[in-house]
Amino acid sequence: MKFAPLVVLLLLTGWLSARETLIDNTGTVENPKPTWETQRQARTFSLLIPAPRGQITDRHGRPLAQSRLSYNLAINFSTPLDWPDSKILSFAKQQIAISSGLINRDIKISDSTILNHYKNRGVLPLDIAEDLLPREINALQRAMPPNQILRQAYVRFYPNGPLAGHIIGYTGIQAPLSLRPIENNDLIFPESEGREGIEQIFDRELRGQPGLLQITFGVDGKKTSERVARQPVPGNNIITTLDLDLQQTCEDVLSDRKSTRLNSSHVSESRMPSSA
C-alpha cells in the first residue's frame, strides 16, 4: 500500500506524455508539439518586388518619362544569422574595402546601418553602392567577390531633361526601408511615387503590380530556397496630347524672350542718369 501513490503518479505522467503525441490509425501524429527551435528558425518570407513604372509619352509615342534598370552592389550574409557584432562588422568592412578598390568608389556605411540591417533585414543583401556606372559593372563582372551580388532596381529618368517638367512632374522615394524586423509583404527595395504633375495625378495607373519573392529557411536557420513566385507587372503607359517638337519650340521662344527682357532691363539701367 505504501507504493500505491507512486504507481498512480507514474501512470498519470505516462498518460499525459502519450496524450501530447497521440497517433491516429493512419500513423500520423494528431497534435505534434513543435520544438522551440523549429518555431524560431524554420520560416518562409513572402516579400514584394516593386514593379517598373509605366512610360509617359507625347502624342506620337516619344518618351517623356521612363524607368531604366539600375544595378546596386550588395553584400550577401551567410545563414544562419547568428554572428556576434564584432564578426558582422569585420566581415562587412572587409567586403566594403574589396569593393571600393574594384570600382574605385569611396564607399562609407556606418556601423549602426550594418548592424541594423543584419539583425532586422539580414535575409536580404545589404546594398553598399547604388546605381552603378557601366565601368563599375564591368569591373565587378570581371572579378565579382564571392560574398557580393548585383541587385536590380528601377530608376526614373527623363530623357528630354527639364522639357515640359512643369507638366510631367517628378517622382521620389515613397518611404525608406523600415529598420524594424522584416515581415511578409515588405518591399525588397524602395518604391517611387509621383510627387507633381502627371506623375502624381496618374500615380496609381503608372505604378503597376508588385511581384513576389519567397525565401525559405530550414530548422537550422540556413536558407534552403529562394524563388520569384510572381513576376512584377509594369505599370500602364500614359499618352499625353503634348508634341515634343512643339513643346521644345515654345520653351525656346519663351527662354529667348526672357533673355531679351533681362538684357533690355540691364541696358536701361546703365543709361539712367546718376542722381546728383
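About the criteria used
Residues numbered from 1 in each chain as written. Predicted model: local features only at pLDDT ≥ 70, side-chain atom pairs only at ≥ 80, totals over all residues. Heavy atoms only, no water. Pairing = 2+ DSSP bridges. Helix = DSSP H or I, 4+ residues; strand = E, 2+ residues; numbered from the N terminus. Axes fitted to C-alpha atoms, helices over the stretch in contact; angles between N-to-C directions. 1 Å grid on protein atoms, 1.4 Å probe; cavity = no way out; pocket = protein on both sides within 12 Å on 5 of 7 lines; lining within 4 Å. Points joined across faces, edges and corners; volume = space filled by probe spheres on them. Nonpolar A, V, L, I, M, F, W, Y, C, P; charged D, E, K, R; others polar. Buried < 20%, exposed > 50% of the residue type's maximum accessible area, 1.4 Å probe, protein only. Contact = heavy atoms within 4.5 Å. Core = buried A, V, L, I, M, F, W, Y, C linked by side-chain atoms within 4.5 Å. Phe/Tyr/Trp six-rings, centres within 6.5 Å; stacked < 30°, edge-to-face > 60°. Lys NZ or Arg CZ within 6 Å of the ring centre and 35° of its normal. Salt bridge = Lys/Arg side-chain N within 4 Å of Asp/Glu carboxyl O. Expected span 1.5 Å × (residues − 1). Parallel < 35°, antiparallel > 145°, perpendicular 65-115°, else oblique. Left-handed = near helix turned anticlockwise from the far one by under 90°.

Asker: So what exactly am I meant to see when it comes to the sheet that holds strand β1 (residues 43–49) here?
Answerer: Consider a sheet: its strands pair through backbone hydrogen bonds, and that pairing is either parallel or antiparallel. Spatially, 3 strands are ordered β1-β8-β9 in an open sheet, and the strand pairing comes out antiparallel. Of all strands in the sheet, those bounded by a partner on one side alone are β1 and β9 (223–230). For this sheet the average axis-to-axis angle between neighbouring strands, irrespective of direction, equals 20 degrees. Pairing between strand β8 (residues 211–217) and β9: 6 bridges, direction antiparallel.

Asker: Whenever I open this one, the layout of surface pockets confuses me. Can you help?
Answerer: Think of a ball as big as a water molecule: rolled over the atoms, this probe shows where empty space is left. Taken as a whole, the largest pocket spans an internal volume of roughly 830 Å³. Taken together, 36 residues form the lining of the largest pocket, with Asp-127, Glu-130, Leu-177, Phe-189 and Pro-190 sitting closest to its centre. The residue inventory of the lining of the largest pocket, partitioned by class, reads 16 nonpolar, 11 polar and 9 charged.

Asker: In this structure, what is going on with the pairing of β8? I would like to understand it.
Answerer: The element β8 is largely enclosed, with a buried count of 5 among its 7 residues. Relative to β8, β1 runs antiparallel, the two sharing 7 bridges. Bridge pairing in β8 links Phe-45 to Ile-215. Joining the antiparallel neighbours β8 and β9 is a turn of 5 residues, in which Gly-221 adopts a positive phi near 85 degrees.

Asker: It is not clear to me how helix α4 (residues 111–121) should be interpreted in this structure. Could you clarify?
Answerer: Since one α-helical turn is 3.6 residues long, residues separated by three or four positions face the same way. The complete set of buried residues in α4 reads Ile-114, Leu-115, His-117, Tyr-118, Asn-120 and Arg-121. Those residues of α4 that are buried are in contact with α3 (85–103) and β4 (126–129).

Asker: Please explain the nonpolar core as it appears in this structure.
Answerer: The tendency in soluble globular proteins is for nonpolar side chains to be buried side by side. Ranked by internal contacts, the top residues of the largest apolar core, which has 20 residues, are Ile-75, Phe-77, Ile-114, Ile-128 and Leu-132. Element by element, the count of residues in this core is highest for α3, at 6 residues. Among residues more than four places away in sequence, those in contact with Leu-132 are Tyr-71, Asn-72, Leu-73, Ile-103, Arg-105, Ile-137, Leu-140 and Leu-150. By size, the runner-up hydrophobic cluster in this structure holds 12 residues, among which are Ile-49, Val-123, Phe-189 and Ile-215.

Asker: Even after reading the chapter, I still don't get the packing of aromatic side chains, so can you show me in this structure?
Answerer: Two numbers describe a pair of aromatic rings. These are the distance of the centres and the angle of the planes. Enumeration over the complete set of coordinates arrives at 6 aromatic pairs. Judged by centre distance (6.2 Å) and plane angle (85 degrees), the ring pair of Phe-45 and Phe-217 falls under edge-to-face. Linking Phe-45 in strand β1 with Phe-217 in strand β8, this pair joins segments that are 172 residues apart in sequence. Grouping residues by exposure puts Phe-45 and Phe-217 together as buried. Summarising the aromatic geometry, the rings of Trp-83 and Phe-91 are spaced 5.2 Å apart at their centres and angled 75 degrees between planes, so their arrangement reads as edge-to-face. The same class applies to Trp-83 as to Phe-91, namely buried. Ring-pair connections join several aromatic residues into one group, and the members of that group are Phe-77, Trp-83, Phe-91 and Tyr-118. A cation sits over an aromatic face here: Arg-43 above Phe-217, 5.6 Å from the ring centre.

Asker: What is the right way to read the pattern of salt bridges from this model?
Answerer: Think of it this way: side chains of opposite charge can pair up when their charged atoms draw near. Tallying each qualifying case throughout the model produces 20 salt bridges. Measuring nitrogen to oxygen at the nearest pair gives 3.1 Å for the salt bridge that ties Arg-62 to Asp-58. Residue class for Arg-62 comes out partly exposed when judged on its relative accessible area of 26%. Classification of Asp-58 by relative accessible area gives buried; the value is 0%. A salt bridge links Arg-195 to Glu-193; the nearest nitrogen and oxygen atoms lie 3.3 Å apart. Taken together, the shared-partner salt bridges connect Arg-53, Arg-156, Glu-191, Glu-193, Arg-195, Glu-199, Asp-203 and Arg-207 into one network.

Asker: Sorry, what's going on with α3 here?
Answerer: The first and last C-alpha atoms of α3 sit 27 Å apart over 19 residues, in line with the 27 Å expected at 1.5 Å per residue. Those residues of α3 that sit buried are Ile-88, Leu-89, Phe-91, Ala-92, Gln-95, Ile-96, Ser-99, Ser-100 and Ile-103. Looking at the buried side of α3, the elements it contacts are β3 (63–75), α4, β4, α5 (134–142) and β5 (148–157). Downstream of α3 by one or two residues, Asn-104 has phi in the positive range, about 55 degrees.

Asker: Before we go on, may I ask you to explain the packing of α3 against α4 in this structure?
Answerer: Packed helices, taken two at a time, are described by their axes: the angle between them and the distance between them. Relative orientation of the contacting elements α3 and α4 amounts to 115 degrees, with a least axis distance of 10 Å. Here α3 is positioned roughly perpendicular relative to α4, judged by the angle of their axes. The element α3 and its partner α4 pack so that their crossing is right-handed. Along the contact surface, α3 presents Asp-85, Ile-88, Leu-89, Ala-92, Lys-93 and Ile-96, while α4 presents Asp-111, Ile-114, Leu-115, Tyr-118 and Lys-119.

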